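Next come the chains, spelled out residue by residue.
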Amino acid sequence: MEPYDILKELVELQRLDSGLDDLEKHKKKFLNDIAALDANVKASQNQLQSEKKKLEELVKQRKTLEIETGTLDSHIAKYIKQQNDVKNSEQVTALGQEIEKSKLAKAQAEDKMMEILLQEDEQKIVIKTTTQTLSDEEKKAVEDKAYAQTKINDCDKAIEDKKQERAAQLAKVEAPYDRGYENIRNKGKKIAVAQVSEDNMCGGCNMNVAPQVLHDIRKKDAIINCQCGRYLYIKEYA
Ligand SMILES: [Zn+2]
């Protein structure tokens, strides 16, 4: 096989692999979409949990105040009873003061309870809205994930086909260039066969390609590597 023909097979192999890379990228995007949808639903679930917890806290606070007012009520009843039992007016006055103090504390607790009740009502609305949002998001996520999964399946099928195509193409590349190509790709370089740009740069590493190297490529009698290791070709050969 002439070097020029080997190079043409390498260019075709690169074209197939670049197509494969695009498909993988495409697939990854849809996988990321699914992950983002899951994360979004999870965030809303957490939000709902925290809103419910806030309501629980408010109810707890109100229950504590209820117990407090109950205690104050029994104190007041006790003082009133004592007032009837005591003889001297000083004690009556002192108990009267205790009763007033307890009544005031009870009124304050009741005000606070009313305030909390209003907050509970607001919080119930927040929970209702959050529940609805979560339900909408979950529903949409199911649809969007199904769509993304269809796309992923399409990608998988196309990837499978292209992998067979590239395996067949790799077999067409004469040794040792097939291994050479694989080595470059395995080092993580997506472009193993780089086109020299119009301003004489390697399409892989963007370094300038020396005139002598260009001259060698044009002679078509050898396969030329860039300093970066990639195989080089010029547009006319593509
Ligand atoms: Zn290069």
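Residues numbered from 1 in each chain as written. Predicted model: local features only at pLDDT ≥ 70, side-chain atom pairs only at ≥ 80, totals over all residues. Heavy atoms only, no water.

(A) A look at empty space enclosed by the protein. Following the criterion strictly, the structure yields 1 cavity of 30 Å³ or more and no others. Quantified by volume, the largest cavity comes out at close to 50 Å³. Lining of the largest cavity is provided by P3, Y4, L7, I217, K220, A222, I223, I224, L232 and Y237. Looking at the lining of the largest cavity residue by residue, the class counts come to 9 nonpolar, no polar and 1 charged. (1 Å grid on protein atoms, 1.4 Å probe; cavity = no way out; pocket = protein on both sides within 12 Å on 5 of 7 lines; lining within 4 Å. Points joined across faces, edges and corners; volume = space filled by probe spheres on them. Nonpolar A, V, L, I, M, F, W, Y, C, P; charged D, E, K, R; others polar.)

(B) Quick look at the pattern of salt bridges. Under the defined criterion, the tally for this structure stands at 19 salt bridges. Among the salt bridges present, the one from K54 reaches E51, with a minimum N-O distance of 3.4 Å. Note that K54 and E51 are positioned in helix α1 (residues 3–85) at a spacing of 3 residues, about one turn of the helix. K54 gets classed as partly exposed once you look at its relative accessible area, which sits at 45%. (Salt bridge = Lys/Arg side-chain N within 4 Å of Asp/Glu carboxyl O. Helix = DSSP H or I, 4+ residues; strand = E, 2+ residues; numbered from the N terminus. Buried < 20%, exposed > 50% of the residue type's maximum accessible area, 1.4 Å probe, protein only.)

(C) The arrangement of helix α2 (residues 89–172) in detail. Taking 1.5 Å of rise per residue, 84 residues should cover 124 Å, and α2 covers 117 Å from first to last C-alpha, within 8% of that figure. Where α2 begins, the capping side chain belongs to N88, and its oxygen is found 3.1 Å from the backbone nitrogen of E90. (Expected span 1.5 Å × (residues − 1). Polar contact = N/O pair within 3.5 Å; in protein donor to acceptor, adjacent residues only side chain to side chain.)

(D) Summary view of the packing of α1 against helix α3 (residues 177–186). Relative to each other, α1 and α3 sit at 30°, their axes nearing to 11 Å. One way to sum up the angle between α1 and α3 is to call them roughly parallel. Pair α1 / α3 crosses with right-handed handedness. Taking contact as the criterion, the partners of I6, L10, L13, Q14, D17 and D21 in α1 are, on α3, Y177, Y181 and R185. Of the residues contributing to the contact of α1 with α3, the split by class is 5 nonpolar, 1 polar and 3 charged. (Axes fitted to C-alpha atoms, helices over the stretch in contact; angles between N-to-C directions. Parallel < 35°, antiparallel > 145°, perpendicular 65-115°, else oblique. Left-handed = near helix turned anticlockwise from the far one by under 90°. Contact = heavy atoms within 4.5 Å.)

(E) View of the coordination of the zinc ion. For the zinc ion, the protein coordination sphere consists of C202 (SG), C205 (SG), C226 (SG) and C228 (SG), at 2.2 to 2.3 Å. For the zinc ion, the 4 donor atoms in the first shell make angles of 104 to 118° at the metal, so the coordination geometry reads as tetrahedral. In the primary sequence, the donor residues of the zinc ion line up as C-x2-C-x20-C-x1-C. Here the residue C202 occupies a position in the loop between β1 (193–195) and α4 (211–219), and C226 occupies one in the loop between α4 and β2 (231–233), the gap between them amounting to 24 residues. (Donors = N, O, S within 2.8 Å, 3.2 Å for Na, K, Ca; no water. Tetrahedral: all angles 85-135°; square planar, octahedral: opposite > 155°, others 65-115°.)

(F) Representation of the side chain of E120. Locating E120 in the fold gives a position in helix α2. Discounting chain neighbours no more than four positions away, the residues touching E120 are L55, L58, V59 and R62.

(G) View of the domain arrangement of the chain. For the chain, the assigned domains read domain 1 (19–171) and domain 2 (175–238). The gap between the C-alpha centroids of domain 1 and domain 2 is 60 Å. (Domains from an automatic or database assignment.)

(H) Spatial organisation of the nonpolar core. Counting 26 residues, the largest nonpolar core has L10, V193 and L232 as the members making the most contacts within it. Secondary structure elements with two or more residues in this core: α1, α3, β1, α4 and β2. With 5 residues, the single largest contributor to this core is α1. Excluding anything up to four places from it in sequence, V193 contacts L10, V11, Q14, Y181, Y231 and Y233. (Core = buried A, V, L, I, M, F, W, Y, C linked by side-chain atoms within 4.5 Å.)

(I) Layout of a nonpolar patch on the surface. A cluster of nonpolar side chains, namely M114, L117 and L118, defines an oily patch on the protein surface of about 280 Å² accessible area. Mapped onto the secondary structure, L118 falls in helix α2. (Patch = residues over 30% accessible without salt bridge, like charges linked within 9 Å, V, L, I, M, F, W, Y side chains within 5 Å. Areas by Shrake-Rupley, 256 points an atom, 1.4 Å probe, with all protein chains shown as cover.)

(J) Main features of the environment of I67. Tracing the backbone shows I67 in helix α1. As a C-alpha pair, I67 and G188 span 121 residues in sequence and 70 Å in three-dimensional space.

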